[in-house]
Amino acid sequence: MDDEARWATARRLLHDHMLKPEDRLAGLLLLPYAQWPAVISRLTVKDVEERDGTVRIRLGVVPVELPEPVAQLALQQVEVRRSHAVLARSDSPCLFPGGQPGRPISAWAMGERLRNFGIRLAEARSTALFQLTTELPAGVLARTLGLDITVVVKWQRAAAGDWAAYAAEVSHRTSTQE
């Protein structure tokens, strides 16, 4: 997904009040924060915290501060979350309740909802990871987004263009062919 299309979709999710707030929040956790639908679907109300006017969400070990209006979408979801199988508010601990009481929405259903906005999940996540790995140290990114450090380091190398490794690989291929 090209960066311009990703940010255009994010702007739509930020400002289009005709869209369901839970869909807006889920999309805004994927596009800038590189979260898979499986991770988004498993979030609980305890993963969202408000303290001293600051809203944070726990995606990894260290909570991420949410900017406005994403922060308000997260707080709204905590307050009015409901299952699509039930019309009333849910008492589920899940931030995105599913059709079965006390269970989260399935990763597949979450992915389908995001795809309905034209979001290509793998491409959007890859684009977000490329951008994030150029801006943040691997350790910080791994702890805040709940990613494995080795995965983040690999993404950082790819995003930064690890030309030394590439040159070594090409050299190795050339010498083994001879």
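Everything numeric here is computed off the predicted structure, so don't read it as measured data.

1. Considerations on the packing of helix α6 (residues 121-135) against helix α8 (residues 149-160)
Here is step 1 of the chain: In contact at an axis separation of 8 Å, α6 and α8 are set at 85° when each is read in the N-to-C sense. By the angle class used here, α6 and α8 are roughly perpendicular. Across the interface between the two elements, Ser126, Leu129, Phe130, Thr133 and Thr134 of α6 pack against Val152, Trp155, Gln156, Ala158 and Ala159 of α8.
Here is step 2 of the chain: Across the contact of α6 with α8, the residue classes break down as 6 nonpolar, 4 polar and no charged.

2. Topic: the pairing of strand β2 (residues 54-57)
Here is step 1 of the chain: The pairing of strand β1 (residues 48-51) with β2 spans 4 bridges and is antiparallel. From the neighbouring strand, Glu49 faces β2, where its bridge partner is Arg56.
Here is step 2 of the chain: Between β1 and β2, which pair antiparallel in sequence order, lie 2 residues; one of them, Asp52, sits at a positive phi of approximately 55°.
Here is step 3 of the chain: As defined by bridge partners, β2 adjoins strand β3 (residues 64-65) across 2 bridges and the pair is classed as antiparallel. Of the residues in β3, the one forming a bridge with Ile57 is Val64.
Here is step 4 of the chain: In sequence, β2 turns back onto β3 through a hairpin of 6 residues.

3. Observations concerning the environment of Leu66
Here is step 1 of the chain: Along the chain, Leu66 turns up in the loop between β3 and α4 (70-80).
Here is step 2 of the chain: Looking at Leu66, the relative accessible area reads 5%, which means it is buried.
Here is step 3 of the chain: C-alpha of Leu66 to C-alpha of Leu29: the two residues are 37 residues apart in sequence and 9.9 Å apart in space.
Here is step 4 of the chain: Residues contacting Leu66, with those up to four places away along its chain left out, are Tyr33, Val55, Arg56, Ile57, Ala71 and Ala74.

4. What to know about the confidence of the model for the protein chain
Here is step 1 of the chain: Residues of the protein chain with pLDDT of at least 70 account for 84%, and the chain-wide mean is 86.
Here is step 2 of the chain: Mean pLDDT across the elements of the protein chain bottoms out in helix α9 (residues 163-177) (56) and peaks in β2 (97).

Reading the values: rules and limits
- Residues numbered from 1 in each chain as written.
- Predicted model: local features only at pLDDT ≥ 70, side-chain atom pairs only at ≥ 80, totals over all residues.
- Heavy atoms only, no water.
- Axes fitted to C-alpha atoms, helices over the stretch in contact; angles between N-to-C directions.
- Helix = DSSP H or I, 4+ residues; strand = E, 2+ residues; numbered from the N terminus.
- Parallel < 35°, antiparallel > 145°, perpendicular 65-115°, else oblique.
- Contact = heavy atoms within 4.5 Å.
- Nonpolar A, V, L, I, M, F, W, Y, C, P; charged D, E, K, R; others polar.
- Pairing = 2+ DSSP bridges.
- Buried < 20%, exposed > 50% of the residue type's maximum accessible area, 1.4 Å probe, protein only.
- pLDDT = per-residue confidence, 0-100.

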